[in-house]
Amino acid sequence: MTLNVEAAMNVAKVLTEALPYIQRFIGRTMVIKYGGNAMVDERLKTGFARDVVLMKTVGMNPVVVHGGGPQIGDLLKRIGKQSEFVQGMRVTDRETMDVVEMVLGGQVNKDIVNLINRCGGRAVGLTGKDGDLIRARKMTLTRNAPELNAPEIIDIGHVGEVASIDTGVVDMLVHGDFIPVIAPIGVGEDGLSYNINADLVAGRMAEVLGAEKLILLTNAPGLMDAEGKVLTGLSTSRVNELIADGTIHGGMLPKIRCALEAVQSGVRSAHIIDGRVEHSVLLEVFTDEGIGTLIQGR
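- Under an unreviewed UniProt entry, the name given to the chain is Acetylglutamate kinase, and the organism recorded is Thioalbus denitrificans.
- UniProt, in the comment section headed Subcellular location (unreviewed entry), describes the chain in these words: "Cytoplasm".
- Per its UniProt entry, the chain bears the Function (unreviewed entry) comment "Catalyzes the ATP-dependent phosphorylation of N-acetyl-L-glutamate."

### Looking at helix α5 (residues 168–175)
- Within α5, burial applies to Val169, Val170, Leu173 and Val174. The buried residues of α5 occupy an angular sector of 130 degrees when projected down its axis, which confines them to one face. Turned more than 90 degrees from where α5 packs its buried face, Met172 and His175 sit exposed.
- Lining the buried residues of α5 we find α2 (42–57), β2 (61–66), β5 (123–127), β8 (179–183) and α6 (198–209).
- Of the residues one or two after α5, Asp177 is the one with positive phi, at around 70 degrees.

### Things to note about the side chain of His66
- Mapped onto the elements, His66 comes out in strand β2.
- The buried category is assigned to His66, whose relative accessible area is 0%.
- A polar side-chain atom of His66 sits 3.1 Å from a polar atom in the side chain of Asn109.
- When sequence neighbours within four positions are dropped, the list of residues in contact with His66 reads Tyr34, Leu104, Val108, Asn109, Ile112, Val181, Ile182, Ala183, Pro184 and Ala198.

### As for the UniProt feature "site: Transition state stabilizer" (unreviewed entry) in the chain
- The sites that UniProt annotates as "site: Transition state stabilizer" (unreviewed entry) are Lys33 and Lys255. In sequence the annotated residues extend across 223 residues, while in space they remain close, none of their C-alpha pairs exceeding 10.6 Å.
- Tracing the chain through its elements places Lys33 in strand β1 (residues 29–34).
- Lys33 sits in the buried class, given a relative accessible area of 9%.
- Among all residues touching Lys33, those that are not within four sequence positions of it are Val65, Ala198, Asp199, Ala202, Ile215, Leu216, Leu217 and Lys255.

### What about the sheet that holds β8?
- The eight strands lie next to each other as β5-β8-β2-β1-β11-β13-β14-β12, forming an open sheet whose pairing is mixed. Across the chains shown, the open sheet's two edge strands, defined by having one partner strand only, are β5 and β12 (234–235).
- The sheet contact formed by strand β13 (residues 269–274) and strand β14 (residues 293–296) spans four bridges and is antiparallel. Residue Ala270 lies in a different strand from β14, and its bridge partner there is Ile295.
- Sheet strands in contact with helix α8 (residues 252–264) are β1, β11 (213–218), β13 and β14, and its direction is about 170 degrees off that of β11.

### Points about the pairing of strand β10 (residues 193–196)
- Neither face of β10 is exposed, since Ser193 and Asn195 on one face and Tyr194 and Ile196 on the opposite face are all buried.
- Note that strand β9 (residues 185–187) and β10 share three bridges and pair antiparallel. By the bridge assignment for β10, Ile185 is matched with Asn195.

### Let's talk about the packing of aromatic side chains
- Counting across every chain of the model gives two aromatic pairs.
- For the pair Tyr34 and Phe48, a centre-to-centre distance of 3.9 Å together with 5 degrees between the ring planes defines the contact as stacked. Here Tyr34 is found in strand β1, whereas its partner Phe48 is found in helix α2, with 14 residues between them in sequence. Just as Tyr34 is buried, Phe48 falls in that class too.
- A cation over a ring is seen here: Arg122 above Phe178, with NZ or CZ 4.1 Å from the ring centre.

### Structural notes on the UniProt feature "binding site: substrate" (unreviewed entry) in the chain
- The UniProt record marks Gly68, Gly69, Arg90 and Asn195 with the feature "binding site: substrate" (unreviewed entry), using the residue numbering of this structure. With the annotated positions falling across 128 residues, the maximum pairwise C-alpha distance of 12.2 Å places them together in a single cluster.
- Within the fold, Gly68 resides in the loop between β2 and α3 (69–78).
- If we skip the residues at most four places from it in the chain, Gly68 touches Val103 and Leu104.
- With respect to the element layout, Asn195 can be found in strand β10.
- Not counting residues within four places of it along the chain, the set of residues in contact with Asn195 comprises Met97, Val100, Leu104, His158, Val159, Gly160 and Pro184.

Rules used in this analysis
Residues numbered from 1 in each chain as written. Predicted model: local features only at pLDDT ≥ 70, side-chain atom pairs only at ≥ 80, totals over all residues. Heavy atoms only, no water. UniProt positions renumbered as here; feature names shortened; annotations may be inferred. Buried < 20%, exposed > 50% of the residue type's maximum accessible area, 1.4 Å probe, protein only. Helix = DSSP H or I, 4+ residues; strand = E, 2+ residues; numbered from the N terminus. Arc of directions from axis to C-beta. Contact = heavy atoms within 4.5 Å. Polar contact = N/O pair within 3.5 Å; in protein donor to acceptor, adjacent residues only side chain to side chain. Pairing = 2+ DSSP bridges. Axes fitted to C-alpha atoms, helices over the stretch in contact; angles between N-to-C directions. Phe/Tyr/Trp six-rings, centres within 6.5 Å; stacked < 30°, edge-to-face > 60°. Lys NZ or Arg CZ within 6 Å of the ring centre and 35° of its normal.

Here's what the structure looks like:
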């Protein structure tokens, strides 16, 4: 077998570039929000699982929080139930919540666990109901109602916010050399289940775990300016300026706010990266250039 010297040199270059990052992040927690195209494209799914297994193998502690909105919508459609959204939130009655639990806590969660395990990892699936992991409070929305001369409260059902997180079960798994895979379902004081936005859960999870990094996978290259250039190396003050001048708007705004809150609460850095790029997590963590938008708490 003839050695391809150029190819071998490229491999060596990649490994030597990754070495200082591996050394720096041994024992550190990385919370990764997994969603978007990376969850439905088979090549990207396998690449993500391998990335997470590699991180664990070299001594990091990845914690995965996943979404599943499209999968929920598909099952609702198949059973003849129409999805309704208010201000971007899915109206979730009791029947819809049953579907959410079935899809997120069952199908999607176990598919991710199975894929990571097939790639050589040791993943364990959780919902926020396991080990009293995520306590939720009911989310209420308001809209202007001039006829009432006051804001109108909109009830969107079993949609929640994070009230608190008990990291006991996650800590146990991480220290037992497992990779936690968490579905964003919480339990309220009323004993009811609540569907919570996965970005919000990932952000709060990163905060309470004292994570080194919060990594949010998206279907965009990152935060872009008016010319389409990806912005990175942003301070919290710069992010606030970009929100104020309208550069950050629309669907990117909730993700940026989630990242901003995380770094302001002690997470070392937050990363918004393009999950449509194969091995995007490794490219962000292990290379000098990185990929996507980096936000640091300074």
